[in-house]
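Spelled out, the chains give:
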Amino acid sequence: MEALVATGIGLVTASGIYLLLRGRTFPVVLGLSLLGYAVNIFIFAMGRLWQGAEPIVGAGPAAADPLPQALVLTAIVIGFATTGFVIELALRSQHDGGNDHVDGRPPQGGAQEEPKA
């Protein structure tokens, strides 16, 4: 099971990095989201999944650690807010520059359109 989780985290991370290296803003936003998901799964997997453990210390022989769950929940909220902010920046950049490329320049070999006023 550990190999399956590690492989899944690796695939999601690789996909996120691949999308981050694209030239348009939408794949970059998706890549950032995928990297956030990979980190959340990694943190959650490092906290070990307990089966049959009590959530309160002293109620049984083993207690589940709530810290990874709290960290992932906080990371989900922060990631959602950051994604919304990055999407707003991308839309503003597209509106101001007239294209949705990360560096603001059109791809090489293509004709550049005049920005709309």
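Above this text is the structure in question.
Worth saying up front: this structure is predicted, and the values here are computed from it rather than measured.

What is the right way to read the overall build of the chain from this model?
Along the backbone of the chain there are three helices and zero strands. Each helix (α) and strand (β) of the chain, taken in turn from the N terminus, gives the series α-α-α. Here the chain, with 117 residues, has 15% of them falling under the buried criterion. Partitioning the contacts of the chain with sequence separation of at least 6, the portion at a separation of at least 24 is 44%. Accessible surface computed for the chain: about 9,100 Å², of which carbon and sulfur atoms make up 66%.

What should I look at first to understand the environment of arginine 24 in this one?
Its location among the elements puts arginine 24 in the loop between helix H1 (2-20) and helix H2 (25-46). Along the sequence, arginine 24 and aspartate 100 sit 76 residues apart, while their C-alpha atoms lie 5.7 Å from each other. Excluding its chain neighbours within four sequence positions, the residues that come into contact with arginine 24 are Asp100, His101 and Val102.

Quick question: what am I supposed to make of helix H3 (residues 67-97) here?
An α-helical turn contains 3.6 residues, so any two residues separated by three or four positions project in the same direction. Here H3 spans 44 Å end to end across 31 residues, near enough to the 45 Å set by a 1.5 Å rise per residue. The set of residues buried in H3 consists of Pro68, Val72 and Ala90. On its buried side, H3 packs onto H2. One or two positions beyond H3, positive phi appears at glycine 98, with a value near 85 degrees.

Can you walk me through the side chain of aspartate 100 in this structure?
The topology assignment puts aspartate 100 in the segment after H3. Here aspartate 100 falls in the buried class, since its relative accessible area comes to 19%.

For this particular structure, what's the right way to read H1?
For H1, which comprises 19 residues, the first-to-last C-alpha distance of 27 Å matches the rise-based estimate of 27 Å (1.5 Å per residue) to within 8%. Buried within H1 we find Ile9, Gly16 and Leu19. For H1, the arc enclosing every buried residue in end-on projection is 95 degrees, short of the 170-degree limit, so these residues lie on one face. Turned more than 90 degrees off the buried face of H1, the exposed positions are Ala3, Leu4, Leu11 and Tyr18. On its buried face, H1 is in contact with H2.

Cut-off values and rules
- Residues numbered from 1 in each chain as written.
- Predicted model: local features only at pLDDT ≥ 70, side-chain atom pairs only at ≥ 80, totals over all residues.
- Heavy atoms only, no water.
- Helix = DSSP H or I, 4+ residues; strand = E, 2+ residues; numbered from the N terminus.
- Buried < 20%, exposed > 50% of the residue type's maximum accessible area, 1.4 Å probe, protein only.
- Contact = heavy atoms within 4.5 Å.
- Areas by Shrake-Rupley, 256 points an atom, 1.4 Å probe, with all protein chains shown as cover.
- Expected span 1.5 Å × (residues − 1).
- Arc of directions from axis to C-beta.

Geometric descriptors of this kind do not, in isolation, establish any biological role.
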